[in-house]
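# Architecture and fold: a report
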Amino acid sequence: MMNTNDNGNREKRKALVIGGSIGGLLTARVLADFYKEVIVIDKDEFPEEPADRSGTPQGYHPHRFTLRGKTIVERFFPGYEEDLLQLGALSSLNKTVTNTNEYGTISGPYQRNDLKFSRALLEWVIRERVKRIPQVSLLPGHEAVRLMSTPDRKKVTGAVIRGRSSGEEKPCEADLVVDTGGRLSKLTKWLEVMGLEVPASDYLNVELGYSTRRYRVPAAKEHLVKEWDVINIAGQPAKGSCTGVLSFIENNVAEMLLYRPGGQYPPTKEDEYEKAAADLPDSVIAEILGELEPAASPRGFRVPQLYRRHFEQMTDWPAGLLVLGDAYCIYDPIFGQGMTVAAIEAETLEACLRKQSLAPAPSPAFERNVLRRLQEVIEPAWWLNCAADLRWEGVTYSGAAPLKGIEFGRRYMNLVLKYATGEKNMKFFGLYWAVNTLTLPPGQLFHPDMVREVLSSSEEGRRLLDELLPGGSGSLAAVLEEIVPAFSETAYETV
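Rules of the game
- Residues numbered from 1 in each chain as written.
- Predicted model: local features only at pLDDT ≥ 70, side-chain atom pairs only at ≥ 80, totals over all residues.
- Heavy atoms only, no water.
- Helix = DSSP H or I, 4+ residues; strand = E, 2+ residues; numbered from the N terminus.
- Rg over C-alpha atoms; globule rule 2.2 N^0.38 Å.
- Buried < 20%, exposed > 50% of the residue type's maximum accessible area, 1.4 Å probe, protein only.
- Areas by Shrake-Rupley, 256 points an atom, 1.4 Å probe, with all protein chains shown as cover.
- Pairing = 2+ DSSP bridges.
- Axes fitted to C-alpha atoms, helices over the stretch in contact; angles between N-to-C directions.
- Core = buried A, V, L, I, M, F, W, Y, C linked by side-chain atoms within 4.5 Å.
- Contact = heavy atoms within 4.5 Å.
- Salt bridge = Lys/Arg side-chain N within 4 Å of Asp/Glu carboxyl O.
- Polar contact = N/O pair within 3.5 Å; in protein donor to acceptor, adjacent residues only side chain to side chain.
- Phe/Tyr/Trp six-rings, centres within 6.5 Å; stacked < 30°, edge-to-face > 60°.
- Parallel < 35°, antiparallel > 145°, perpendicular 65-115°, else oblique.
- Left-handed = near helix turned anticlockwise from the far one by under 90°.
- Nonpolar A, V, L, I, M, F, W, Y, C, P; charged D, E, K, R; others polar.

### Concerning the overall build of the chain
When you go through the chain residue by residue, the secondary structure sums to 15 helices and 19 strands. In terms of overall size, the chain behaves like a compact globule, its C-alpha atoms giving a radius of gyration of 23 Å where 495 residues would be expected to give roughly 23 Å. Counting all 495 residues of the chain, 56% fall into the buried class. Carbon and sulfur atoms form 50% of the exposed surface of the chain, whose accessible area is close to 20800 Å².

### Comments concerning the sheet that holds strand β2 (residues 37-42)
Spatial ordering of the open sheet is given by β7-β2-β1-β11-β18, a layout of five strands whose pairing is parallel. Bordering the open sheet on either side are β7 (136-140) and β18 (321-323), each of which pairs with just one other strand. Sheet twist, expressed as the mean angle between neighbouring strand axes with direction ignored, is 20°. Across three bridges, strand β11 (residues 176-179) lies against β18 in parallel orientation. Each bridged residue has a counterpart across the sheet, and for Val 177 the counterpart in β18 is Leu 321.

### Side note on the sheet that holds strand β10 (residues 169-173)
Pairing is antiparallel in the open sheet, where three strands are placed in the order β8-β9-β10. Both edges of this open sheet fall to β8 (142-149) and β10, since each of them pairs with a single strand only. Ignoring which end each strand starts from, the neighbouring axes of this sheet average 30° apart. Taken together, the five bridges between strand β9 (residues 156-163) and β10 define a ladder with antiparallel strand orientation. Each residue of the ladder has a partner; that of Val 160, found in β10, is Pro 171.

### Some details on the nonpolar core
Counting 132 residues, the largest nonpolar core has Leu 31, Leu 191, Phe 311 and Tyr 412 as the members making the most contacts within it. Residues in contact with Phe 311, not counting those within four places in the same chain, are Leu 187, Thr 188, Leu 191, Val 198, Trp 317, Val 323, Ala 327, Tyr 328 and Leu 371. Leu 246, Phe 248, Ile 285 and Leu 289 belong to the second largest nonpolar core, which has 22 residues in total.

### Brief notes about the pattern of salt bridges
In the structure shown here, the tally under the stated rule is 32 salt bridges. Between Glu 347 and Arg 75 there is a salt bridge, and its shortest N-O distance comes to 3.5 Å. Of this pair, Glu 347 sits in helix α9 (residues 338-358) while Arg 75 sits in helix α2 (residues 67-76), placing them 272 residues apart in sequence. By relative accessible area, which is 35% here, Arg 75 ends up partly exposed. Glu 169 is the partner of Arg 146 in a salt bridge, and the nearest nitrogen-oxygen pair spans 3.4 Å. Taken together, the positions of Arg 146 in strand β8 and Glu 169 in strand β10 put the pair 23 residues apart, joining distant regions of the chain. With a relative accessible area of 42%, Arg 146 lands in the partly exposed category. Residue Glu 169 is classed as partly exposed on the basis of its relative accessible area, which comes to 37%. Through salt bridges with shared partners, one network takes in Asp 42, Asp 44, Arg 53, Arg 119, Glu 123 and Arg 127.

### Notes on the pairing of strand β4 (residues 96-101)
Taking burial as the measure, the six residues of β4 include five buried ones, the bulk of the element. Linking β4 to strand β5 (residues 104-109), which pair antiparallel, is a turn of two residues. Looking at chain direction, β4 and strand β13 (residues 228-233) are connected through five bridges and run parallel. Its bridge partner being in β13, Thr 100 is matched across the sheet by Ile 233.

### Here's the deal with unusual backbone geometry
In this structure, Asn 94 is a non-glycine residue whose phi angle is positive, near 65°. Following the sequence through the fold, Asn 94 ends up in the loop between β3 (90-91) and β4.

### Concerning the environment of His 310
You can see His 310 is positioned in the loop between β17 (299-308) and β18. Sequence separation between His 310 and Gly 471 is 161 residues, and the spatial gap between their C-alpha atoms is 41 Å. For His 310, the residues in contact, after removing those within four places along its chain, are Pro 199, Ala 200, Asp 202 and Gln 375. A distance of 2.7 Å separates polar atoms of two side chains, one belonging to His 310 and the other to Asp 202.

### A few points about the packing of aromatic side chains
Taken as a whole and assessed by the stated rule, the structure comprises 11 aromatic pairs. With centroids separated by 5.3 Å and ring planes inclined at 75°, the aromatic side chains of Tyr 419 and Phe 428 adopt a geometry described as edge-to-face. Each member of the pair, Tyr 419 as well as Phe 428, carries the same accessibility label: buried. Taken together, Trp 383, Phe 408, Tyr 412, Phe 446 and Phe 487 form an aromatic cluster joined through their ring pairs.

### Quick look at the pairing of β13
A regular strand places its side chains on the two faces of the sheet in alternate fashion. The element β13 is largely enclosed, with a buried count of six among its six residues. Bridge count for β13 against strand β14 (residues 243-249) is four bridges, and the pairing is antiparallel. When the bridges of β14 are listed, Ile 231 appears paired with Leu 246.

### Quick look at the packing of α2 against α9
In the contact formed by α2 and α9, the axes pass within 8 Å of each other and the chain directions differ by 50°. Comparing their axes, α9 and α2 come out oblique. The way α2 lies across α9 gives a crossing that is left-handed. In this structure, α2 contributes Arg 68, Gly 69, Ile 72, Val 73, Arg 75 and Phe 76 to the contact, and α9 contributes Thr 340, Ala 343, Ile 344, Ala 346, Glu 347 and Glu 350. Of the residues contributing to the contact of α2 with α9, the split by class is six nonpolar, two polar and four charged.

### Some points on helix α1 (residues 22-31)
Most of α1 is tucked away: 10 of the 10 residues are buried. For α1, the complete set of buried residues consists of Ile 22, Gly 23, Gly 24, Leu 25, Leu 26, Thr 27, Ala 28, Arg 29, Val 30 and Leu 31.

Following this line, the structure appears as structure tokens:
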């Protein structure tokens, strides 16, 4: 563990983390290696056992770490998956995974030992680990109401926090404040109150909705848990159909998700929900649901917009302040990127703090440099979200600047899926998901040889190739370098 900080004197350092969800807990774990004291505040009272919290209304719905996120969290909390298993989480190893889309079906045994769990269980396990860190204190039932700063507003010195039950406000001084308050973050408002101009955000107007229903697996049907990992029946943008995803989480509970962007929301009434599941393009999910027992009514959640903030563009960003996780950018939940991006951001913060701790003197631009590094993490996930969701009618993009290459990305990624599924090409199917789940950088899928192979496989692809290389002349590599963004490798590096 790293036990020094940028001035060699850990004893005078204190950090405040606003928000005790996954991003906040991972941030606290990182800061504990560099600060004498880390305080994590959250609006909710933390449950005494794994349970959903009102402060995370999306928490009831499916969550997962991708391989990249899982690897980072295992390094932060060695053996945390053993904790999950002891509480009933399930291994995916060698169970059947089926992916159906408009181009066909790919099915086979899942070859990694990943775990399936509810968000409540994962957060419980991580929070229990964080509570054991001597430097970290959790302060539930409290919210930040405004930032504290020096008179010239150039440095944040803490935050005023308020007890939600008492209403009492008190100052909480800190050398560093990290906002991990999620989509309910008030950071933009706080900065504007300080007289700072916040750059315009980028928005993907998705109008997406998802509905989740949980089912109990009867004892006589436990073979289903042993057989299946996940069944994903993707919605078809051209027909406006829902996506359906069925998986099994802890303690013989099945989790069923219906999802759709574009403003036509999946139902939450029980009879309508079951009908929508039965109307999916493949009947396999409906057949399995018929053997299960509903555990609760469906719950819905809606996301009007995805956003990407641009705090890194602020030349007057105050020292002593950082932002991480959903307070910086949110993603389409269908790709399972959110928690993984938060983990990568926490790892990036760790690398920046370690570099600063070894420097002869603190960098006055430390916080701005961190924000730029975090934006490098955000950018590929954001771009991939836009490329996927802009396929759906009713989804639009609005930003301060157009997204480079997004129309090509939208068309090409769809053709990759078509080629991989139709040809049962596991190499490309694996690459498609590895890139979308942030395990591999987009450049591996946009390599000229791979682009040519995909585009040459269909009439639609050959038309696109002709657009890129009229008359078949020119260098595809040069054209792709001009079209496709040069994503940083930050998100894929290890510290």
